[in-house]
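Observations on chain architecture
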Amino acid sequence: MGIINRGTIHLTVFALIVLTFPFWFEYTGGYAGLDTKIIIWAIFALGFDLLLITGYLSFGHAAFFGISAYATGLMLLHYSSNIIEAMIVGVVVSTIAAVIIGFLTLRRTGIYFSVLTLAFGEMFHTAAVSIFSGLTGGENGLTGLPTPTLFGEKMQGSNVFYLCAIFLIIGFYLARRITRSPFGLMLKSLKSNQTRLEYIGINVQFYKNSAFVLSSIYAAVAGSLMVIYEPYVATEFLEWKTSGTLVIMSVMGGVGTLFGPMIGAAFMLYFENVASVFLEEQWLLALGIMFMAIVVYLPGGFVDGYKRMMRHWVKKNQA
Amino acid sequence: MAILVVNNISKHFGGLQALFKVNISVEAGTTHSLIGPNGAGKSTLLNVLTGQIEPNEGSVVFKDRPLLNITPHKINQLGIARVFQTPAIFPEMVLLENVMAAVFASRDGAYKFNLLESRRHAQSVANFAIEILEQVGLQHKIRSEARFLSRGDKRRLELAICLAHKPSLLLLDEPTAGMARHETESTIELLRSISKKNMTIVIVEHDMNVVFALSDTITVLSQGQVIAEGIPDHVRGNPAVIEAYLGKEHA
Ligand SMILES: Nc1ncnc2c1ncn2[C@@H]1O[C@H](COP(=O)(O)OP(=O)(O)OP(=O)(O)O)[C@@H](O)[C@H]1O
Ligand SMILES: [Mg+2]
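This write-up is about the structure you can find in this document. Model, not experiment: these values are computed from the prediction.

A few words now on the overall build of chain B. Per the secondary structure count, chain B includes 9 helices and 10 strands. Taking 251 residues into account, the globule formula puts the C-alpha radius of gyration at 18 Å, and chain B, at 19 Å, falls close to it. Dimensions of chain B, computed from the C-alpha atoms along their principal axes, are close to 60 × 40 × 35 Å. The proportion of buried residues among the 251 residues of chain B is 52%. Sequence-distant contacts in chain B: of pairs separated by 6 or more residues, those separated by 24 or more amount to 66%. Of the roughly 11,100 Å² of accessible surface on chain B, 52% is carried by carbon and sulfur atoms.

This is how it looks when you write it as structure tokens:
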């Protein structure tokens, strides 16, 4: 098909949807800035999917989101309001943490891995509100940050949106390439049968660690962008709830589909915003019920639901 | 020339002596069968050869290289492939991907950070994978998921995965178990054609038709010890072997 292949079409459509998001999002009843927040969480969830395709469920990815957020915040506060250095430092620091934590946790599988990542995540959270509170602002979070800038331009409103949108589009392009590469095939094989993968001569540990670190880089970019979006670092960025939210989004949207977790992120943030207006604190209960219904009746998440609907529709039209 | 030498290997699990001072020498290019009653230690010996189990004593030499204390993936990269007693395949992936994963592993080694290479453009890898699937007779199913295959076909697929590496030593743990008669016949043919391509095969098998049809040499294990070894005709009439299989009164 030459230059215009399916990949190009998918990517173009995706980019168009993301770039035009603010124009139509306005009419959906979300508050101003929710669109940006959705994009940031979509980056977080998209990267998380690169780990989920290996079958490893981390409950500690808040650590990488949060570490990067704190590092970015501290750079903005003490070094310069320029986001370039702040983002680079945020991502680098967080990635170093991911290499170490990945190395320590990926020696275990299944529930043991999940619990270990949870423990590490909580360790960082506890450290941030206790021994490092002088640096992090403790329970109050990191406040008093200047408005971030890029080449002298203030990063506010739609500037932030497009910055995040560009990261999401690039992130999506890369994630898609990764899942379609030989490397991606190894990640998929890892979930399917780790023993067999070893017995075709693959260093399973290296691939696991790579997927873990790749997903943490996405988390770090998202955490850093979160601080640029709202110049404040909340302790909850590091909390297990953030990791849990990420897991719920991914499962609801459809693990291993790349699109799914992003849709899950959009759905959850939007639902939180809209439903909490009339359900108030009960919105979490509603979410819980929905989550359970999806796990039981639609284990492949929204993406699977969509595929089933399309199949049903095609069948009906053929009959 | 011996391609694989097992020297004095012993392994116990708690009080159970699964292997006791086992010595085996496998000649390059031959098919060497390992037989013996249930629990004789055959699979345990394969586990030692592929690095899954550390023996308590002894050594293994493959192509003049000591094999102990090496991880399974490295042993595989050295040229030893294994078909397991229960088929180890990638159930959720289609057949073509199952074999392509192995071909990539053979092309790229144990690890390659080739994030941006397109699988679809790796034509030579796909072609080779299809060629192997044809060789084992699964070419008409390359797009179906491996979990939907019959037990016999799963073994063929696993064999295809192993062949992707062009191994110099192929270890097979009961490759015809659970197969119907005609499937067994065609597996014998397949293994025969593979061994003609100068591959060394070590095969663990209970079906004596398969063993006598394929073997150049047979080693008989019983309760962790080698009790007989030789060419098929020599082993067939050996009283110790008959006793191990059928009990004393038949000997
Ligand atoms: N990991 C293990 N832990 C404890 N005992 C084991 C282990 N693996 C094997 N055994 C025991 O060692 C003995 C030899 O087992 P092995 O699987 O090697 O037998 P086998 O010759 O392959 O038998 P079969 O023909 O039934 O497959 C058996 O008694 C088995 O129960
Ligand atoms: Mg066995």
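Our focus in this paragraph is the site of ligand 1. Residue and element names in this part refer to chain B. Taken together, 13 residues lie around ligand 1, and N38, K42, S43, T44 and H206 are the ones closest in. Backbone polar atom of A40 to an oxygen atom of ligand 1: 3.2 Å apart, as the coordinates give it. When ligand 1 sits alone it has 630 Å² of accessible area, and the protein chains cover 63% of it. Among the elements of the structure, β2 (16–27) and α1 (42–49) are those that each provide at least two residues to the shell around ligand 1. Examining the composition of the shell around ligand 1, we find that 3 residues originate from one element, α1, more than from any other. Grouping the amino acids of the shell around ligand 1 by side-chain chemistry returns 4 nonpolar, 7 polar and 2 charged.

It is worth spelling out the coordination of the magnesium ion (ligand 2) at this point. Residues and elements named next belong to chain B. In the first shell of the magnesium ion (ligand 2), the protein supplies S43 (OG) and Q85 (OE1), at 2.0 to 2.3 Å from the metal. Linking S43 in helix α1 with Q85 in the loop between β6 (80–83) and α3 (95–108), this pair joins segments that are 42 residues apart in sequence. S43 sits in the partly exposed class, given a relative accessible area of 23%.

Below, the discussion takes up the side chain of T50 of chain B. Of note, T50 of chain B is situated in the loop between α1 and β4 (57–62). At 3.1 Å, the side chain of T50 of chain B and the side chain of Y199 of chain A are in polar contact. At a separation of 3.2 Å, a polar atom in the side chain of T50 of chain B contacts the side chain of R82 of chain B. Once you skip the residues sitting within four places of it in the chain, T50 of chain B turns out to touch Y199 of chain A together with P72, I75, R82 and L171 of chain B.

Membership of the largest hydrophobic core comes to 141 residues, with the highest contact counts inside it found for V99 and L157 of chain B. Per-element tally for this core: the top contributor is helix α10 (residues 204–229) of chain A, with 15 residues. Those residues in contact with L157 of chain B, other than ones at most four positions away along the chain, are I89, L95, N98, V99, L133, L138, A146 and L149 of chain B. Core analysis: the second largest hydrophobic core is formed by 26 residues, L67, I75, V204 and L221 of chain B among them.

Turning to the sheet that holds β4 of chain B, a few remarks are in order. Strand order across the open sheet formed by 4 strands is β2-β1-β4-β5 (chain B), with antiparallel pairing between neighbours. Pairing within the sheet leaves two strands with one partner each, and these edge strands are β2 and β5 (65–66) of chain B.

As a further point, take the sheet that holds strand β7 (residues 169–173) of chain B. All names here are of chain B. Pairing is mixed across the open sheet formed by 6 strands, whose spatial order is β6-β7-β8-β3-β9-β10. With partners counted over all chains shown, the strands left at the sheet margins are β6 and β10 (225–230), one partner each. When strand polarity is set aside, the average angle formed by the axes of neighbouring strands in this sheet is 15 degrees. Relative to β7, β6 runs parallel, the two being bridged by 4 bridges. Within β7, the position partnered with A81 by the bridge is L170. Of the strands in this sheet, β3 (31–35), β6, β7, β8 (200–204) and β9 (217–222) touch α1, which is tilted by about 150 degrees from β7. Against the sheet, helix α5 (residues 151–163) engages β6 and β7, with an angle of about 175 degrees to β6.

How each quantity is defined
- Residues numbered from 1 in each chain as written.
- Chains lettered and ligands numbered in written order.
- Predicted model: local features only at pLDDT ≥ 70, side-chain atom pairs only at ≥ 80, totals over all residues.
- Heavy atoms only, no water.
- Helix = DSSP H or I, 4+ residues; strand = E, 2+ residues; numbered from the N terminus.
- Rg over C-alpha atoms; globule rule 2.2 N^0.38 Å.
- Buried < 20%, exposed > 50% of the residue type's maximum accessible area, 1.4 Å probe, protein only.
- Contact = heavy atoms within 4.5 Å.
- Areas by Shrake-Rupley, 256 points an atom, 1.4 Å probe, with all protein chains shown as cover.
- Near = heavy atom within 4 Å.
- Polar contact = N/O pair within 3.5 Å; in protein donor to acceptor, adjacent residues only side chain to side chain.
- Nonpolar A, V, L, I, M, F, W, Y, C, P; charged D, E, K, R; others polar.
- Donors = N, O, S within 2.8 Å, 3.2 Å for Na, K, Ca; no water.
- Core = buried A, V, L, I, M, F, W, Y, C linked by side-chain atoms within 4.5 Å.
- Pairing = 2+ DSSP bridges.
- Axes fitted to C-alpha atoms, helices over the stretch in contact; angles between N-to-C directions.

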